[in-house]
Amino acid sequence: MFLYNSRHLGLLMLAGLLILLPACSVGPDYVKPTVEIPSAFKEGLGWKVAQPGDAALTEKWWQLFNDTTLDNLEEQVNISNLNIVVAEAQFRQARALVEASRSAFYPTLTIGAAASRAQGSANTGRGQGGASSDFLLPVNLSWEIDVWGRIRRSVEASKSSFQASAADLAALKLSVHAELASDYFQLRSLDALKQYLDESVAYYQKSLELTRNRYAAGIVSRVDVLQAETILKSTQASMIDLDVQRSQLEHAIALLIGKPASSFSLPLQPLSNPPPHIPVVLPSELLERRPDIASTERHMSAANAQIGVERAAYYPTVKLGTSIGLEASDIAKWLTWPSRFWSVGPTISETVFDGGLRRAQNEQVLAAYDATVASYRQTVLNAFKEVEDNLAALRTLENEAKIQDEAVESARQTVIVTMNQYKAGIVSYLNVISAQNTELANKRTSIGILERRMVAAVLLVKAVGGGWNTDTIFKEK
């Protein structure tokens, strides 16, 4: 009896030692690689950096533009945009994979039942007793002891991939919201141009009537009438072309908010207000605010953890197995106490030869990690470039807009003066046509500059990460 208990005690002590064995995680611990960060944006000279008391960008950054129609459209994106629905499903999938990885920390318990009847071959000397029955009701428990940290590294990799998926979802949302705002302002600039062309057509029609009257009175030639008709018709043709462009932008917006293009339309609303001031963070803060940077950084962390997973393959696998149950050759005795059986004990296994498989897999994950480091640094450099591009665009276009507005006013005054000269018979109608074309070209340019300023403002919002930061991206749900 003492011997029986000693054996039990020895097995239990061995199992306990394996469980309490100080575990280590092989492979390198993750350290974020360094990147060169400028102290300030070069193109932000004179641009006020956002301060804690300022109106900072929020998740609903489009409200800075103070356009209720845009606000209503943007609110529909997260709900109805199908690309976001796909990304959100992938995010939930990544979150589930974290839980699947964590399940390896716990034992696996299985239960089953089996019944069989068999007879061995008489030629082996084991079939002399005739057929026999076997009724089995086992409960098996298997537990891998994470001595080398393989499971911990797997969970670390899964968690980093989940966080990367969260950042990808945030990046997609930011991109779709920015694309919607960009399309919207382009459409509104077409509305502004259409409004101006409507006014121009009305003016050109009056000019044509005046010219016809002067021709009927024998004051001017038929050429003047034809020239007046030409500028009128060409302007009307331009208005029709705007309808094509506007319809395409309407359809693009409908797609972004998940609606059929045939059931969506926007009323005419000319673009008039300049873009608001966009608060810009310091370059050092940009790394914490751009979801695409966060995504590449988390992919890098996952790749680093995967190195530990592969290195653990060089070490033995330690498992603890336990089995208890009931077994009998007679079904009447199957569920009785004497039919009980049990076993418990550890197993240690080590791969001795695999033809270089583990070495190749380690080289693979090391190369994958190096690739993610390069991708991370490239993403950071691209982020700085995008901010610089749009800061330069906003600053330059603001100065250009001031000069262009003066050019528009000068062209308008030229048309008035030239028309008066034409009525007085001082100049020909060709001078009027030239002045009107100049005014139209300058007004088109002015509206185009305003459109580019609005789009640049949206792109700057996107470049600085919108209202996102790592706290909102990496929050587990």
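Everything discussed here concerns the structure shown above.
For every chain, the first residue of the written sequence is number 1, and numbering continues from 1 onward in sequence order. Totals for whole chains, interfaces and linings use all residues, but because this is a predicted model, local features are given only for residues with pLDDT of at least 70 and pairs of side-chain atoms are given and counted only at 80 or more. Hydrogen atoms and water are omitted, and side-chain values are computed over all heavy atoms in the structure.

Student: Even after reading the chapter, I still don't get unusual backbone geometry, so can you show me in this structure?
Tutor: Glycine aside, a negative phi is what most residues show, and trans is what most peptide bonds show. Even without a glycine there, the phi angle at Asn 66 is positive, about 55°. Note that Asn 66 resides in the loop between helix H1 (2–20) and helix H2 (68–80). Where helices and strands are cited, they refer to DSSP runs of H or I of at least four residues and of E of at least two residues respectively, numbered from the N terminus.

Student: In this structure, what is going on with the nonpolar core? I would like to understand it.
Tutor: Side chains that are nonpolar tend, in soluble globular proteins, to be buried together. Formed by 84 residues in total, the largest nonpolar core has its most connected members in Trp 61, Phe 185 and Val 387. Breaking this core down by element, the ones donating at least two residues are H2, helix H3 (82–102), helix H4 (150–216), helix H5 (222–256), helix H7 (291–311), helix H8 (357–423) and helix H9 (429–463). The greatest single-element share of this core, amounting to 20 residues, is contributed by H4. Only heavy atoms matter for contacts: two residues are in contact if any of them lie within 4.5 Å across the pair. Phe 185 has contacts with Phe 65, Leu 70, Leu 271, Glu 451, Met 454 and Val 458, leaving out every residue within four places of it along the chain. For this analysis, a nonpolar core means a set of buried residues of the types Ala, Val, Leu, Ile, Met, Phe, Trp, Tyr and Cys, connected via side-chain atoms within 4.5 Å. Exposure is judged per residue with a 1.4 Å probe applied to protein chains only, and the accessible area is read against the type maximum: over 50% gives exposed, under 20% gives buried, and values in between give partly exposed.

Student: Even after reading the chapter, I still don't get the packing of aromatic side chains, so can you show me in this structure?
Tutor: A ring pair, where both rings are aromatic, is described by two values, the distance of the centres and the angle of the planes. Here is the rule: rings of Phe, Tyr and Trp (six-membered ring for Trp) pair when centre to centre is within 6.5 Å. Planes less than 30 degrees apart are stacked, more than 60 are edge-to-face, and the remainder are tilted. Counting across every chain of the model gives 9 aromatic pairs. Measuring from ring centre to ring centre gives 6.3 Å for Phe 41 and Phe 384, while their planes differ by 65°; the resulting arrangement is edge-to-face. Taken together, the residues Phe 41 in the loop between H1 and H2 and Phe 384 in helix H8 connect sequence positions 343 residues apart. In this pair, the class of Phe 41 matches that of Phe 384, namely buried. Ring geometry for Tyr 422 versus Tyr 429: centroids 5.0 Å apart, planes at 70°, classification edge-to-face. For Tyr 422, a relative accessible area of 1% puts it in the buried group.

Student: Can you walk me through empty space enclosed by the protein in this structure?
Tutor: Take a probe with the size of a water molecule and roll it over the atoms, and the empty space left behind shows itself. Space inside and on the surface of the protein is sampled on a 1 Å grid over the protein atoms alone, with a cavity defined as a set of points where a 1.4 Å probe fits but cannot get out and a pocket as an open set with protein on both sides within 12 Å along at least 5 of 7 lines; lining residues have an atom within 4 Å of a point. Grid points are joined across faces, edges and corners, and a volume is the space filled by probe spheres set on the points. Using the criterion set out here, one finds 1 cavity of 30 Å³ or more in the structure. The calculated volume of the largest cavity comes to roughly 50 Å³. Forming the walls of the largest cavity are Glu 59, Trp 61, Trp 62, Asn 78, Lys 173, His 177 and Trp 468. Classification convention: Asp, Glu, Lys, Arg as charged; Ala, Val, Leu, Ile, Met, Phe, Trp, Tyr, Cys, Pro as nonpolar; all other residues, Gly among them, as polar. Its residues placed into classes, the lining of the largest cavity shows 3 nonpolar, 2 polar and 2 charged.

Student: I keep staring at the packing of H4 against H7 and nothing clicks. Help me out?
Tutor: Close contact between H4 and H7 brings their axes to 8 Å; oriented N to C, the two are set at 165°. Put simply, H4 runs roughly antiparallel to H7. Classified by chirality, the crossing of H7 by H4 is left-handed. A breakdown of the residues in the contact of H4 with H7 according to their chemical character gives 11 nonpolar, 9 polar and 6 charged. An axis is simply a line fitted to the C-alpha atoms; with a helix, the fit covers only the stretch in contact. Between two such axes, the angle follows the N-to-C directions and lies from 0 to 180 degrees. The labels follow the angle: roughly parallel below 35 degrees, roughly antiparallel above 145, roughly perpendicular from 65 to 115, and oblique for the rest. It is the rotation of the near helix from the far one that decides the hand of a crossing: anticlockwise by less than a right angle makes it left-handed, clockwise makes it right-handed.

Student: How should I be thinking about the pattern of salt bridges in this particular structure?
Tutor: If the charged atoms of two oppositely charged side chains come close together, the side chains can form a pair. Salt bridges are identified by distance alone: a Lys or Arg side-chain nitrogen within 4 Å of an Asp or Glu carboxyl oxygen. Counted under the stated rule, the structure contains 21 salt bridges. With its nearest N and O atoms 2.7 Å apart, the salt bridge here joins Lys 385 to Asp 389. On the criterion of helical spacing, the pair formed by Lys 385 and Asp 389 is a turn pair, its members being 4 residues apart in helix H8. Residue classification places Asp 389 among the partly exposed residues on the basis of a relative accessible area of 39%. One continuous salt-bridge network, built from bridges that share partners, spans Arg 188, Asp 191, Arg 246 and Glu 250.

Shape descriptors only; they carry no functional weight alone.
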